[in-house]
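Below, each chain spelled out in residue letters.
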Amino acid sequence: MSRELSDGRTGGQQDDDGCAGGGRDGDCTLREALDRVGGKWAIGILLATSPGPVRFSELTRQVEGISRRMLTLTLRNLERDGLLHRRVHPTVPPRVEYRATPMALELYEPLLALTSWAQRHRTAISEARAAYDRGHGRA
């Protein structure tokens, strides 16, 4: 059952992501934005597009392990959120390039720092996981 909020909106109904109002009224914009830029593939795409325009085929090579379908979906979502600009050149066949928007370029240094941190500490994290698993009866 939903309840009426002081501003006239109906509260209590949630979408599949747990956002009140289906995320349409901005309740979850912050969490959704963080989920988007922190997603498994988004970081690699944003880092790859920050230096300048990148073609789809280049992104498939630069973002290790991503499928063409997942790349397409992630690019579409990043473009929808205003983090990427898609440019189609009128050639045969069409040439499509993606570049980071000014908003996404603000993320470049923090994302670079995050990936550098993960790279520096990957061995320690792996060792901590192994120790935890041994101590908790995991194989």
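Since the model is a prediction, treat every value here as computed from it, not as a measurement.

The subject of this paragraph is the overall build of the chain. The helix and strand tally for the chain stands at 6 helices and 5 strands. Secondary structure of the chain in N-to-C order comes out as β-β-α-α-β-α-α-β-β-α-α. Entry remark: accessible area of the chain is about 10000 Å², with carbon and sulfur atoms responsible for 51%.

Of the residues in the chain, 80% have a pLDDT of 70 or more, and the chain-wide mean is 84. Contacts from residues 1-17, a stretch scored under 50 in pLDDT, to residues over four places away or in other chains number 20 contacts.

Where helix 2 (residues 42-49) contacts helix 4 (residues 68-80), the two axes come as close as 10 Å, and the packing angle between them is 70 degrees. It follows from the interaxial angle that helix 2 and helix 4 lie roughly perpendicular. Here helix 2 runs over helix 4; the crossing is right-handed. Between helix 2 and helix 4, the residues in contact are Ala-42, Ile-45 and Leu-46 and Leu-71, Thr-74, Leu-75 and Leu-78, respectively. Residue composition of the contact of helix 2 with helix 4, by class: 6 nonpolar, 1 polar and no charged.

Bringing helix 2 into the picture now. Within helix 2, 7 of the 8 residues are buried, which leaves the element mostly enclosed by the surrounding structure. Taken residue by residue, helix 2 has Ala-42, Ile-43, Ile-45, Leu-46, Leu-47, Ala-48 and Thr-49 as its buried positions.

With that settled, the discussion passes to a nonpolar patch on the surface. A contiguous nonpolar surface patch, about 270 Å² in accessible area, is contributed by Leu-114, Trp-117 and Ile-125. Assessed through its relative accessible area of 31%, Ile-125 is described here as partly exposed.

This part takes up the pairing of strand 5 (residues 95-100). One ladder, built from 2 bridges, connects strand 3 (residues 54-55) with strand 5; its direction is antiparallel. Looking across to strand 5, one finds that Val-54 is bridged to Tyr-98. Looking at chain direction, strand 4 (residues 84-89) and strand 5 are connected through 6 bridges and run antiparallel. Pairing of Arg-86 across the sheet is with Tyr-98, part of strand 5. The turn linking strand 4 back onto strand 5 is made up of 5 residues.

Attention now goes to the nonpolar core. One finds Ile-45, Leu-46 and Leu-75 to be the most contacted residues of the largest nonpolar core, which totals 23 residues. Mapped onto this core, the elements with two or more residues apiece are helix 2, helix 3 (56-62), helix 4 and strand 5. The leading source of residues in this core is helix 2, at 6 residues. When near neighbours in sequence (up to four residues on either side) are disregarded, Leu-75 contacts Ile-45, Phe-56, Leu-59, Leu-84 and Tyr-98.

About the thresholds
Residues numbered from 1 in each chain as written. Predicted model: local features only at pLDDT ≥ 70, side-chain atom pairs only at ≥ 80, totals over all residues. Heavy atoms only, no water. Helix = DSSP H or I, 4+ residues; strand = E, 2+ residues; numbered from the N terminus. Areas by Shrake-Rupley, 256 points an atom, 1.4 Å probe, with all protein chains shown as cover. pLDDT = per-residue confidence, 0-100. Contact = heavy atoms within 4.5 Å. Axes fitted to C-alpha atoms, helices over the stretch in contact; angles between N-to-C directions. Parallel < 35°, antiparallel > 145°, perpendicular 65-115°, else oblique. Left-handed = near helix turned anticlockwise from the far one by under 90°. Nonpolar A, V, L, I, M, F, W, Y, C, P; charged D, E, K, R; others polar. Buried < 20%, exposed > 50% of the residue type's maximum accessible area, 1.4 Å probe, protein only. Patch = residues over 30% accessible without salt bridge, like charges linked within 9 Å, V, L, I, M, F, W, Y side chains within 5 Å. Salt bridge = Lys/Arg side-chain N within 4 Å of Asp/Glu carboxyl O. Pairing = 2+ DSSP bridges. Core = buried A, V, L, I, M, F, W, Y, C linked by side-chain atoms within 4.5 Å.

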